Amino acid sequence: YSEIFAPLHRGSTEPTEKKFQDRRKYGAGIASWLMKNGVKPPARIVDVGCSSGGVLQGLTDAGFKGVGIDIGADYVADAQSRGLEAIVGTLDDLDSSQSPDVIAYCQSLEHFVPINQEIERMSRAAGKGTLLYIEVPGLFQLFPTYHLDLMRYFQLAHIWHFSPYTLQRLF
């Protein structure tokens, strides 16, 4: 997956500045939502599937402390070159001495195989009071990224297809 996702999904293995800045704006929106819902900076956020760190940058711009995790080494290297704290790996590779305030999956949970193993990782990483922020595309919620075209949504990288009901049942 770490070697074929970017070429198949994005057509390139190189992170782009435009994608980073688009995701940065998106991260700023998530930061605003978190603050409106009681999560205040400098809360510690883990961005799982961080890519080159755009969402993470948007969160840290708002004052949150964050670390990104991704299995794509080239993308993690790009995040690190921007001064972001990011590691290649999974939640199991985080320092477990301090539980995060928020574990965020921004357009990433639908990519995990096996998904039950990822949920177990969440459980181990979460502490009392850790908020799970999960945002996934779904059949009833197509994001602008897909140009509201269902056929763009269906792709090899999307292993799981959620509705609010199926996501709730999963947990």
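Our structure's up above, just so we're on the same page.
Computed from a predicted structure; not experimentally measured.

Peer 1: What am I meant to see in the packing of aromatic side chains here?
Peer 2: Ring pairs (aromatic) are described by centroid distance and by the angle formed between their planes. One pass over the full model with this rule turns up two aromatic pairs. Ring centres of Tyr105 and Phe112 lie 5.9 Å apart, and the angle between their planes is 75 degrees; on these two criteria the pair is classed as edge-to-face. Over the ring of Phe20 we find Arg82; its NZ or CZ atom is 3.7 Å from the centre of that ring.

Peer 1: Would you explain the side chain of Arg44 in this entry?
Peer 2: With respect to the helices and strands, the residue Arg44 is situated in strand 1 (residues 44–48). The buried charged residue Arg44 lacks any salt bridge partner; its closest oppositely charged side chain belongs to Glu85, at an N-O distance of 5.7 Å. Contacts of Arg44, omitting those with residues within four sequence positions, involve Lys65, Val67, Asp95, Gln98, Ser99, Pro100, Asp101 and Val102.

Peer 1: What should I look at first to understand helix 5 (residues 115–125) in this one?
Peer 2: It helps to recall that an α-helix has 3.6 residues per turn; residues three or four apart then point in one direction. What helix 5 keeps buried is the set Ile115, Glu118, Ile119, Arg121, Met122 and Ala125. End-on view of helix 5: buried residues confined to an arc of 155 degrees, all on one side of the axis. Across from the buried face of helix 5, at angles greater than 90 degrees, the exposed residues are Ser123 and Arg124. In this fold, the buried residues of helix 5 make contact with strand 1, strand 4 (102–106), strand 5 (131–135) and helix 7 (164–170).

Peer 1: Looking at this structure, how should I read helix 4 (residues 73–81)?
Peer 2: Buried residues of helix 4: Tyr75, Val76, Asp78 and Ala79, and no others. All buried residues of helix 4 fall inside an arc of 155 degrees around its axis, so they share one side.

Peer 1: Would you take a moment to explain the pairing of strand 2 (residues 65–70) for this structure?
Peer 2: Burial of strand 2 is extensive: five of the six residues sit out of reach of the surface. One ladder, built from five bridges, connects strand 1 with strand 2; its direction is parallel. Each bridged residue has a counterpart across the sheet, and for Val48 the counterpart in strand 2 is Ile69. Strand direction decides the pairing type here: strand 2 and strand 3 (residues 86–88), joined by three bridges, are parallel. Across the sheet, Gly68 pairs through a bridge with Ala86, a residue of strand 3. With respect to chirality, the unit in which strand 2 leads through helix 4 into the neighbouring parallel strand 3 is right-handed.

Peer 1: Sorry if this is basic, but what is going on with unusual backbone geometry here?
Peer 2: A negative phi angle characterises most non-glycine residues, just as the trans form characterises most peptide bonds. Cis geometry is found at the peptide bond from Pro41 to Pro42, where omega equals 10 degrees. Among the structural elements, Pro42 can be located in the loop between helix 2 (17–36) and strand 1. The residue after Val113, namely Pro114, is reached through a cis peptide bond having omega -15 degrees. Within the secondary structure layout, Pro114 lies in the loop between strand 4 and helix 5.

Peer 1: Explain the side chain of Thr130 here, please?
Peer 2: Along the chain, Thr130 falls in the loop between helix 5 and strand 5. Judged by its relative accessible area of 16%, Thr130 falls in the buried class. At a separation of 2.7 Å, a polar atom in the side chain of Thr130 contacts the main-chain carbonyl oxygen of Pro100. Excluding residues within four positions of it along the chain, Thr130 makes contact with Ser99, Pro100, Asp101, Val102 and Ile103.

Parameters and conventions
Residues numbered from 1 in each chain as written. Predicted model: local features only at pLDDT ≥ 70, side-chain atom pairs only at ≥ 80, totals over all residues. Heavy atoms only, no water. Phe/Tyr/Trp six-rings, centres within 6.5 Å; stacked < 30°, edge-to-face > 60°. Lys NZ or Arg CZ within 6 Å of the ring centre and 35° of its normal. Helix = DSSP H or I, 4+ residues; strand = E, 2+ residues; numbered from the N terminus. Buried < 20%, exposed > 50% of the residue type's maximum accessible area, 1.4 Å probe, protein only. Lys, Arg positive; Asp, Glu negative; His and termini not counted. Salt bridge = Lys/Arg side-chain N within 4 Å of Asp/Glu carboxyl O. Contact = heavy atoms within 4.5 Å. Arc of directions from axis to C-beta. Pairing = 2+ DSSP bridges. Right-handed = clockwise from strand over helix to strand, strands pointing away. Polar contact = N/O pair within 3.5 Å; in protein donor to acceptor, adjacent residues only side chain to side chain.

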